[in-house]
Amino acid sequence: QVQLQESGPGLVKPSQTLSLTCTVSGGSITTNYYYWTWIRQPPGKGLEWIGYIAYSVSTYYIPSLKSRTSISMDTSKNQFTLPLSSVTPGDKAVYYCARGEYNGSYLYFSSWGQGTQVTVSS
């Protein structure tokens, strides 16, 4: 049974770089058909897909965040990470990591972490 766990600071200052890590247990991030994904939910808003990394396949980021992030993975630790530079209060959200995979023509998330709250404040 795969499990995902987010970790990182709960509070960062504006203009700093946020770094979150997702640790995967019970499965390998090198599995070639999984899309290791970051998603966030700002307060009072819906879920926002940030991007993903797939081992030996690709990475993708939404245009609004592409310039500020670059998801990477550490296969020796079975982890993938989300850096987010130049944070603003608009980046306050609950951040989730998830395992995505395709079922037919659509991507769905077969496993989620519990989420971690990030606040941006000076």
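What counts and what doesn't
Residue indices begin from 1 for each chain and proceed along its sequence in written order. Only residues with pLDDT of 70 or above have their local features reported here, since the model is predicted, and side-chain atom pairs are shown and tallied only from 80 upward, although totals for entire chains, interfaces and linings are computed over all residues. Processing note: side-chain calculations cover all non-hydrogen atoms of the structure and skip hydrogens and water entirely. The rule is short: rings of Phe, Tyr and Trp, with Trp giving its six-membered ring, pair when the centres are within 6.5 Å, and they are stacked under 30 degrees, edge-to-face over 60, tilted in between. Labels follow the DSSP assignment, with helices taken as runs of H or I lasting at least four residues and strands as runs of E lasting at least two, numbered in each case from the N terminus. The buried label goes to any residue with under 20% of its type's maximum accessible area, the exposed label to any with over 50%, and the partly exposed label to all in between, with areas taken from a 1.4 Å probe on protein chains only. Two conditions define a charge located above a ring, namely a distance within 6 Å from the ring centre to NZ of Lys or CZ of Arg, and an angle within 35 degrees of the ring normal. Note: two strands are recorded as paired if DSSP finds a minimum of 2 bridges between them. For helices, the fitted axis covers only the stretch in contact; all axes are lines through C-alpha atoms, and the angles between them, taken along N-to-C directions, range from 0 to 180 degrees. Definition used for salt bridges: Asp or Glu carboxyl oxygen within 4 Å of a side-chain nitrogen of Lys or Arg. Two cysteine sulfurs form what is called a disulfide whenever their separation falls within 2.5 Å.

> Looking at this structure, how should I read the packing of aromatic side chains?
Two measures describe an aromatic ring pair: the distance that separates the ring centres and the angle between the ring planes. Within this structure, the stated rule accounts for 12 aromatic pairs. For the ring pair Trp36 and Phe80, a centre distance of 5.7 Å and an interplane angle of 50° mean the geometry is tilted. Here the residue Trp36 occupies a position in strand β4 (residues 35-41), and Phe80 occupies one in strand β8 (residues 79-84), the gap between them amounting to 44 residues. Take Trp36 and Phe80: they sit in the same class, and that class is buried. An aromatic cluster of at least three residues, connected via ring pairs, comprises Tyr33, Tyr34, Trp36, Trp38 and Phe80. Its guanidinium or amino end placed over the ring of Tyr34, Arg99 lies 4.3 Å from that ring's centre, counting from NZ or CZ.

> Where do I start with the sheet that holds strand β1 (residues 3-7) in this structure?
In a beta sheet, neighbouring strands pair by backbone hydrogen bonds and run either parallel or antiparallel. Read across the sheet, four strands follow the order β1-β3-β8-β7 without closing on themselves; strand pairing throughout is antiparallel. Every interior strand has two partners, whereas the edge strands, β1 and β7 (72-74), have only one. Between one strand axis and the next, the sheet turns through 25° on average, direction left out of account. Pairing of β1 with strand β3 (residues 18-25), which is carried by five bridges, proceeds in the antiparallel orientation. Looking at the pairing, Gln5 lines up with Thr23 of β3.

> Would you mind going over the pattern of salt bridges with me for this structure?
Note that side chains of opposite charge can pair when their charged atoms are close. Going through the model one piece at a time under the given rule, you end up with four salt bridges. For the salt bridge of Arg40 with Glu48, the shortest nitrogen-to-oxygen distance reads 2.6 Å. On the basis of relative accessible area, Glu48 is assigned to the partly exposed category, the value being 24%. Glu101 serves as the salt-bridge partner of Arg99, at 3.9 Å between the closest nitrogen and oxygen. Among the residues examined, Arg99 registers a relative accessible area of 13% and is labelled buried.

> Whenever I open this one, the state of the cysteines confuses me. Can you help?
As used in these notes, a disulfide is a covalent bond between sulfur atoms, one from each of two cysteines. For the coordinates displayed, the defined rule picks out one disulfide. Each sulfur in the disulfide pair Cys22 and Cys97 lies 2.1 Å from the other. Because the sign of the S-S torsion sets the handedness, a value of about 65° for the bond joining Cys22 and Cys97 places this disulfide among the right-handed ones. Placement of the pair is Cys22 in strand β3 and Cys97 in strand β9 (residues 93-103), with a sequence separation of 75 residues. Judged by its relative accessible area of 0%, Cys22 falls in the buried class. Its relative accessible area of 0% is what places Cys97 among the buried residues.

> I'm lost on the pairing of β8 in this one. Help?
A regular strand carries its side chains on alternate faces of the sheet. Of the strand pairs in this sheet, β3 and β8 are connected by six bridges, and their pairing is antiparallel. Residue pairing across strands places Thr23 opposite Gln79, the latter belonging to β8. Bridge analysis of β7 against β8 gives three bridges, and the strand direction is antiparallel. Looking across to β8, one finds that Asp74 is bridged to Gln79. Once β7 ends, the chain turns through four residues before running back antiparallel as β8, passing Asn78 with a positive phi of about 55°.

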